[in-house]
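Summary of structural features
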Amino acid sequence: GWQETIFPPYFVVGAMFSGFAMVVVLAALLRWGLSLQAVVTERHFDVMGRIMLFAGLIMGLSYATEWFMAWYGGSPAERALVAYEFTGDYAPLYWTMLLCNVVAPQAFWSGRVRRNVWTLCGIAILINIGMWLERILIITNTLSHGFLPTMRRLYVPTLWDWLLLVGTLGFFAFMFLLLARLVPVVTVHEVEQLRHELAR
């Protein structure tokens, strides 16, 4: 599960995909919390929705390439791993990941969905959940379904795993809010341009 040559572009696109989804969520929260509707417009969200649609299509292609190469390569271990992803112990998480990363972004074909900030934000949250599941499944699926059947075991997160997850999310939120407090979130140029437009 880890030796595939598609992994480098797969990870780059995945990082861009989840990064844009997080930017959408943070931009929507800042836009709402600081009343920046005049500066951060629906056009900005429309463009970000298009980028996430493209990245969702690339992620779908990456998943399909992974499945095809397992079938085409003929390796029984690779085929068994792909079958395990769809039908094994972690199959509900795998199907949820596909739903969040491939199916949900298809709503961005609609301009109405891309321009609705809160719908876009909801789908972006689904994308982040899907990308988190993907990173978890890359490790757990492969480690729990190795070459030796006697070494196959399930990973069950402990309390410390969950606390580490919550702690990192809390630390990120703290640092982001601190940055938004200390550093201007909108450039002076955009504020001046908006002020001139309103003065006309």
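Anything mentioned here points back to the structure above.
The model shown is predicted, which means the values in this text are computed figures rather than measured ones.

Rules and cut-offs
Residues numbered from 1 in each chain as written. Predicted model: local features only at pLDDT ≥ 70, side-chain atom pairs only at ≥ 80, totals over all residues. Heavy atoms only, no water. Helix = DSSP H or I, 4+ residues; strand = E, 2+ residues; numbered from the N terminus. Buried < 20%, exposed > 50% of the residue type's maximum accessible area, 1.4 Å probe, protein only. Contact = heavy atoms within 4.5 Å. Patch = residues over 30% accessible without salt bridge, like charges linked within 9 Å, V, L, I, M, F, W, Y side chains within 5 Å. Areas by Shrake-Rupley, 256 points an atom, 1.4 Å probe, with all protein chains shown as cover. Salt bridge = Lys/Arg side-chain N within 4 Å of Asp/Glu carboxyl O. Phe/Tyr/Trp six-rings, centres within 6.5 Å; stacked < 30°, edge-to-face > 60°. Axes fitted to C-alpha atoms, helices over the stretch in contact; angles between N-to-C directions. Parallel < 35°, antiparallel > 145°, perpendicular 65-115°, else oblique. Left-handed = near helix turned anticlockwise from the far one by under 90°. 1 Å grid on protein atoms, 1.4 Å probe; cavity = no way out; pocket = protein on both sides within 12 Å on 5 of 7 lines; lining within 4 Å. Points joined across faces, edges and corners; volume = space filled by probe spheres on them. Nonpolar A, V, L, I, M, F, W, Y, C, P; charged D, E, K, R; others polar.

Describing the overall build of the chain
- A tally of helices and strands in the chain yields eight helices and zero strands.
- Along the chain direction, N to C, the helices and strands of the chain fall in the order α-α-α-α-α-α-α-α.
- Seen through its C-alpha atoms, the chain measures out along the principal axes to roughly 75 × 40 × 25 Å.
- Expressed as a percentage of its 200 residues, the buried residues of the chain come to 36%.
- Restricting to contacts in the chain with at least 6 residues of sequence separation, those with at least 24 account for 76%.

Digging into a nonpolar patch on the surface
- A surface patch of nonpolar side chains, about 700 Å² in accessible area, is lined by Phe171, Phe174, Met175, Leu178, Leu179, Leu182 and Val183.
- Relative to the helices and strands, Phe171 resides in helix H7 (residues 159-182).
- Look at Phe171 and you get exposed, because its relative accessible area is 54%.

Here we look at the packing of aromatic side chains
- Under the counting rule described, the total for this entry stands at eight aromatic pairs.
- Between Trp71 and Tyr72, the ring centres sit 6.3 Å apart and the planes meet at 45°, which makes this aromatic pair tilted. Each of the two residues, Trp71 as well as Tyr72, counts as exposed.
- Here the aromatic residues Trp67, Phe86, Tyr94 and Trp95 are joined through ring pairs into a cluster of three or more.

Some thoughts on the packing of helix H1 (residues 7-33) against helix H2 (residues 42-73)
- One can describe the packing of H1 onto H2 by two numbers: an axis separation of 9 Å at closest approach and a directional angle of 155°. With respect to their mutual orientation, H1 and H2 come out roughly antiparallel. Here H1 runs over H2; the crossing is left-handed. Between H1, through Tyr10, Val13, Gly14, Met16, Phe17, Phe20, Ala21, Val23, Val24, Ala27, Ala28 and Arg31, and H2, the contact on the second element is made entirely by Glu42, Phe45, Met48, Ile51, Met52, Ala55, Gly56, Ile58, Met59, Ser62, Tyr63 and Glu66.

Let's talk about unusual backbone geometry
- Positive phi, normally seen in glycine, also occurs at Ser35, with a value near 55°.
- By the secondary structure assignment, Ser35 is in the loop between H1 and H2.

Some remarks on the side chain of Asp46
- Along the polypeptide, Asp46 turns up in helix H2.
- For Asp46, the contacting residues outside a window of four places in its chain are Gly111, Arg114 and Arg115.

Looking at the layout of surface pockets
- Taken as a whole, the largest pocket encloses approximately 570 Å³ of empty space.
- Surrounding the largest pocket, 20 residues form its lining, Met22, Val25, Asn128, Leu169 and Phe172 being those nearest its centre.
- Among the elements of the structure, H1, helix H6 (117-144) and H7 are those that each provide at least two residues to the lining of the largest pocket.
- By residue number, the principal contributor to the lining of the largest pocket is H1, which donates eight residues.
- Here the lining of the largest pocket is composed, by residue class, of 15 nonpolar, five polar and no charged.
- In this model, the second largest pocket occupies a volume close to 410 Å³.
- What lines the second largest pocket is a set of 15 residues, among which Trp132, Ile136, Tyr155, Pro157 and Trp162 lie closest to the centre.
- For the lining of the second largest pocket, the secondary structure elements donating two or more residues are H6 and H7.

Focus on the pattern of salt bridges
- A complete count under the given rule lists four salt bridges for this structure.
- Salt-bridge contacts for Arg115 lead to Asp46; the nearest nitrogen and oxygen are separated by 3.8 Å. With Arg115 in helix H5 (residues 111-115) and Asp46 in helix H2, this pair connects stretches of sequence that are 69 residues apart.
- Glu134 is paired through a salt bridge with Arg135; the nearest N and O atoms lie 2.3 Å apart.
- One network of salt bridges, in which partners are shared, links Asp46, Arg50, Arg114 and Arg115.

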